[in-house]
Amino acid sequence: MTLPRLALAAVLIAAPAAANATMVTYVFEGEIDRAPDAPLDTRFAVSDAFRAEVSFDVAAPNTSGSPTVFGRYLGGPLVVTVGDYVAQSAATFLDVRDDFTGAGGADQLVFFDTLDRTGDPVAGFDLQGLGIGLTAPDDAAFDGVDLPLSIDPADYRSLRLSLVFRDLDAEVFLQARLLGAVTDVTVSTPGAAVPAPAPAALLGAAVFALGVLRRRLWRGGGRRRATPRAGVRAALA
């Protein structure tokens, strides 16, 4: 394999690892702990197990517009399974509320859908919202509004799952909720133990390798110019 191809291969192979190394994934597990509102009780019951999962890019910007008050981050789908029922948001917001006045000065983490979600209707009621909320007893759970890279359930007094359904065909407002208690939280950052090289560094290595090849061609064949192949140009564009 020629030197340029080796350099390009290094970029293409390591780039996915670099992307994965920036992701943080939150997994919440627990069970339904309150009797589901009618008519959800035809599908769900107390003690039904649930699992929720969502991932965010560690480099995601704080879009709250008030970085000293709270952080708001946009992540991937929030996928919630309760028994064989699956609810999913197209994307997910995470609000990081440090010393939140609305919670008496306590810290809060709130994961919620972005108004675009999917899930089968239940007894004529359509899924209208899903989220996970964690509220600490005080302001000691975390400091600042950065994306959390760890969550200790012991730091929170309330860890709740909420799915909201509505009868959209009713003439009056009819809403039903499914509520559960989170009992276990797992936060993982794949690849974080061995940080992957930054794409910019890999690109620099490739450019350096091309420079070495150019000098070799210059010395071995006069003023001959080395022209990158079209595939290399397309890959680096």
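Just so it is clear, the model here is predicted, and its values are computed rather than measured.

(A) Broad picture of a negative patch on the surface. Judged by side-chain charge, D99, D138, D139, D143, D152 and D155 come together as a negatively charged surface patch. Structurally, D152 is set in the loop between β9 (126–135) and β10 (158–166). Here D152 falls in the partly exposed class, since its relative accessible area comes to 40%.

(B) Structural view of the packing of aromatic side chains. Under the criterion given, the structure shown has seven aromatic pairs. Look at Y26 and F56: their rings are 6.0 Å apart centre to centre, the planes differ by 75°, and that puts the pair in the edge-to-face class. On the criterion of sequence distance, the pair formed by Y26 in strand β1 (residues 23–32) and F56 in strand β2 (residues 49–57) is long-range, its members being 30 residues apart. Look at Y26 and you get buried, because its relative accessible area is 0%. In this structure F56 comes out as buried when scored by relative accessible area, which is 0%. Seen in terms of ring centroids, F93 and F112 are 5.6 Å apart; in terms of plane orientation they differ by 40°. Their pairing is tilted. On the criterion of sequence distance, the pair formed by F93 in strand β6 (residues 92–100) and F112 in strand β7 (residues 106–113) is long-range, its members being 19 residues apart. On the basis of relative accessibility, which here comes to 23%, the residue F112 falls in the partly exposed class. The structure contains a cluster of three or more aromatic residues connected by ring pairs, namely Y26, F28, F56 and F111.

(C) Structural context of the pairing of β10. Taken across its nine residues, β10 has seven buried, putting it largely inside the fold. Of the strand pairs in this sheet, β9 and β10 are connected by nine bridges, and their pairing is antiparallel. By the bridge assignment, L127 is partnered in β10 with F165. Direction of pairing for β10 relative to strand β11 (residues 175–188): antiparallel, over a ladder of seven bridges. Note on β11: the bridge partner recorded for L161 is G180.

(D) Looking closely at the sheet that holds β1. Spatially, β3-β6-β7-β9-β10-β11-β1-β2-β4-β5-β8 is the arrangement adopted by the 11 strands of the open sheet, whose pairing is antiparallel. Every other strand in the sheet has two partners, leaving β3 (70–75) and β8 (117–118) as the edge strands with one partner each. Bridging between β6 and β7 involves seven bridges; their strand directions are antiparallel. Bridge assignment links V96 to a residue of β7, and that residue is L109.

About the criteria used
- Every chain is numbered independently, its residues counted from 1 as its sequence is written.
- Note on the predicted model: pLDDT of at least 70 is required for a residue's local features to be given, and 80 or more for side-chain atom pairs to be given and counted; whole-chain, interface and lining totals, by contrast, use all residues.
- Excluded from the side-chain calculation are hydrogens and water; included are all heavy atoms of the structure.
- Within this analysis, patches are made of residues with over 30% relative accessible area and no salt bridge. Like charges are joined at 9 Å or less; nonpolar side chains (Val, Leu, Ile, Met, Phe, Trp, Tyr) at 5 Å or less.
- Using a 1.4 Å probe, accessible areas were evaluated by the Shrake-Rupley method; residue-level cover was limited to the displayed protein chains.
- Each reported salt bridge corresponds to a side-chain nitrogen of Lys or Arg within 4 Å of a carboxyl oxygen of Asp or Glu.
- Positive residues here are Lys and Arg, negative ones are Asp and Glu, while His and the chain termini are left out of the count.
- Where a charge lies is defined by one atom per residue type, namely NZ (Lys), CZ (Arg), CG (Asp) and CD (Glu).
- Strands here are runs of E lasting at least two residues and helices are runs of H or I lasting at least four, both read from the DSSP assignment and numbered beginning at the N terminus.
- Each residue is placed in one exposure class: buried if its accessible area under a 1.4 Å probe, protein chains only, is under 20% of its type's maximum, exposed if it is over 50%, and partly exposed if it falls in between.
- By convention, a stacked pair of Phe, Tyr or Trp rings (six-membered ring in the case of Trp) has centres within 6.5 Å and planes under 30 degrees apart, an edge-to-face pair has planes over 60 apart, and any other such pair is tilted.
- Note: two strands are recorded as paired if DSSP finds a minimum of 2 bridges between them.

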